[in-house]
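# Observations on chain architecture
Next come the chains, spelled out residue by residue.
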Amino acid sequence: MLSARSPVLRAAARSSARMYSSSVAQFTGTKKANGHYTVNLIEGDGIGVEISQAVKDIYKAANVPIDWEPVDVTPSLINGKTTLPKDTVESIKKNKIALKGPLATPVGKGHQSMNLTLRKTFGLFANVRPCKSVVGYKTPYENVDTVLIRENTEGEYAGIEHTVVPGVVQSIKLITREASTRVARYAFEHARSVGKPKVLVVHKATLMKYGDGLFLECVQDVSKDYPDIKVDTELIDNTCLKMVTDPGQYKDCVMVMPNLYGDIMSDLCSGLIGGLGLTPSGNMGDEVSIFEAVHGSAPDIAGKGLANPTALLLSSVMMLRHMGLNDHATKIEKAVLDTIASGPENRTKDLKGDATTQHFTQQVISRL
Ligand code: NAI
């Protein structure tokens, strides 16, 4: 039983107003003489340009002390390896922080995913994905409040694949003690910092006895250093069923899981609150962090003024909290959520509204 003086409960009280938070790792970027920070901006593909513009307009109106430094992430193949431009790597390493729009990935051929390349290049080992029902936007459930932490560098997305003989392909799921322990520690620290009393490991170690078995073992080992946080385990298929049946039961935990499960499970959670247009994320490393929406480049609506910029805006709110710019974060978060709650005339089409990206943006600005 947790006492009222428990650090977890105290953190819960503190954190109720800062749902969109990622901050366990310290931001060590440099404040310039004018009081501003430089943040790299990767606008991305498809709707990336439109939603990035919305963020820039809102940040300008809110006087956020940030100077954007755009960077190019066009891939090049060096010795068969997908690589980022050198200037981009140097710039992000210097600023230690970036906001990123979605990047399209060729299917079944071509270069490795640039999302994966960014995560590997900067050691972004934990992907934090909070998902919370939006007050004023009705969905079948009104009590969704999940935090999912996805291992971000290996697992099924390690990109180790080869053809054994024509018609037989081997795709290797890589699980290491180092990466599993690192993300597990992040999950416990995050649970403490946002006031969730439990870490839930989601796995399939019944079948992947070695791979998921090692992941599970690492989380359980790390849990010994966090006696104030409970640890529980669940099979991924069971979590999917329980999540769509009654998401409220996951309110009190931080879920941690291997890469692919986290990718799928977080889209599932997005669906419960109204779709991909609403869910943010933070890719966290020891030095660098990159914040991005959970969704992709949405080629079906790109260039039509229909994109919902909320997910990128809330990702930027996570970024501001990570940088310690809490007042700006709270102001923008409130303006965004109030705009959504204000009615269908101010909501984009994905949220059953009539607003264009630009109209939504202006409405947010009017509420700052
Ligand atoms: P998607 O997330 O781009 O789109 C799925 C559906 O959600 C589409 O109907 C789209 O219109 C809608 N949607 C997504 N974001 C929206 C927004 N902000 N406002 C309104 N509607 C929105 O997924 P899809 O189509 O599977 O992938 C398209 C491309 O994006 C692919 O090349 C994929 O690899 C890439 N991708 C990139 C990601 C990243 O950069 N982190 C993540 C996921 C996919």
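Look up a bit, the structure's there.
Right, let's walk through the structure included here. Since the model is a prediction, treat every value here as computed from it, not as a measurement. (Residues numbered from 1 in each chain as written. Predicted model: local features only at pLDDT ≥ 70, side-chain atom pairs only at ≥ 80, totals over all residues. Heavy atoms only, no water.)

### Thoughts on the overall build of the protein chain
A count of helical and extended segments in the protein chain gives 11 helices and 14 strands. For 368 residues, the compact-globule estimate of 2.2 N^0.38 gives 21 Å, and the protein chain sits close to it at 20 Å. Taking the principal axes of the C-alpha coordinates as reference, the protein chain spans close to 55 × 55 × 45 Å. Across the 368 residues in the protein chain, those meeting the buried criterion constitute 53%. For the protein chain, the accessible area works out to roughly 16,200 Å², and carbon and sulfur atoms hold 55% of it. Side-chain charges of the protein chain comprise 42 positive and 39 negative groups, with the mean position of each set lying 3 Å from the other. (Helix = DSSP H or I, 4+ residues; strand = E, 2+ residues; numbered from the N terminus. Rg over C-alpha atoms; globule rule 2.2 N^0.38 Å. Buried < 20%, exposed > 50% of the residue type's maximum accessible area, 1.4 Å probe, protein only. Areas by Shrake-Rupley, 256 points an atom, 1.4 Å probe, with all protein chains shown as cover. Lys, Arg positive; Asp, Glu negative; His and termini not counted. Charge placed at Lys NZ, Arg CZ, Asp CG, Glu CD.)

### Observations regarding the sheet that holds strand S12 (residues 253–257)
Pairing within the open sheet is mixed, and its 10 strands lie in the order S2-S1-S5-S14-S13-S6-S7-S12-S10-S11. Looking at strand neighbours, the two that pair on one side only are strand S2 (66–70) and strand S11 (230–235), the edges of this open sheet. This sheet shows a mean twist of 25 degrees between the axes of neighbouring strands, independent of strand direction. Of the strand pairs in this sheet, strand S5 (residues 97–100) and strand S14 (residues 289–293) are connected by 4 bridges, and their pairing is parallel. Residue pairing for S14: isoleucine 97 is matched across the bridge by serine 289. Along the sheet face, helix H2 (residues 48–61) touches strand S1 (37–42), S2 and S5 and points at about 155 degrees away from the line of S2. Strand contacts of helix H7 (residues 236–245): strand S7 (145–151), strand S10 (198–203), S11 and S12, with the helix running at about 95 degrees to S11, the strand carrying the most contacts. (Pairing = 2+ DSSP bridges. Axes fitted to C-alpha atoms, helices over the stretch in contact; angles between N-to-C directions. Contact = heavy atoms within 4.5 Å.)

### A closer look at the site of the ligand
Taken together, 21 residues lie near the ligand, and Leu103, Gly296, Ala298, Asp300 and Asn308 sit nearest. The separation between an oxygen atom of the ligand and a polar main-chain atom of alanine 298 is 2.7 Å. A distance of 2.9 Å separates an oxygen atom of the ligand from a polar side-chain atom of aspartate 300. Its free accessible area being 810 Å², the ligand has 69% of it covered by the protein chains. (Near = heavy atom within 4 Å. Polar contact = N/O pair within 3.5 Å; in protein donor to acceptor, adjacent residues only side chain to side chain.)

### Examining the packing of aromatic side chains
In total, this model carries 4 aromatic pairs according to the counting rule given. Ring centres 5.7 Å apart and planes at 65 degrees place the aromatic pair phenylalanine 27 and tyrosine 37 in the edge-to-face group. Taken as a pair, phenylalanine 27 in the loop between helix H1 (7–15) and S1 and tyrosine 37 in strand S1 lie far apart in primary sequence, 10 residues in all. With relative accessibility at 12%, the residue tyrosine 37 sits in the buried group. (Phe/Tyr/Trp six-rings, centres within 6.5 Å; stacked < 30°, edge-to-face > 60°.)

### A short note on the nonpolar core
One finds Ile149, Met255, Val256, Met319, Leu320, Met323 and Ile332 to be the most contacted residues of the largest nonpolar core, which totals 79 residues. Residue-level mapping places this core at the junction of two domains, with at least three residues from each of domain 1 (19–124 + 279–367) and domain 2 (140–272). Among residues more than four places away in sequence, those in contact with leucine 320 are Tyr59, Val64, Ile66, Leu325, Asn326, His328, Ala329 and Ile332. Counting 14 residues, the second-largest nonpolar core is a separate cluster that includes Val71, Ala98, Leu103 and Phe122. (Core = buried A, V, L, I, M, F, W, Y, C linked by side-chain atoms within 4.5 Å. Domains from an automatic or database assignment.)

### What about the side chain of threonine 88?
By secondary structure assignment, the location of threonine 88 is in helix H3 (residues 86–95). Non-local contacts of threonine 88, meaning those with residues more than four positions away in its chain, are made with Val71, Asp72 and Val73.

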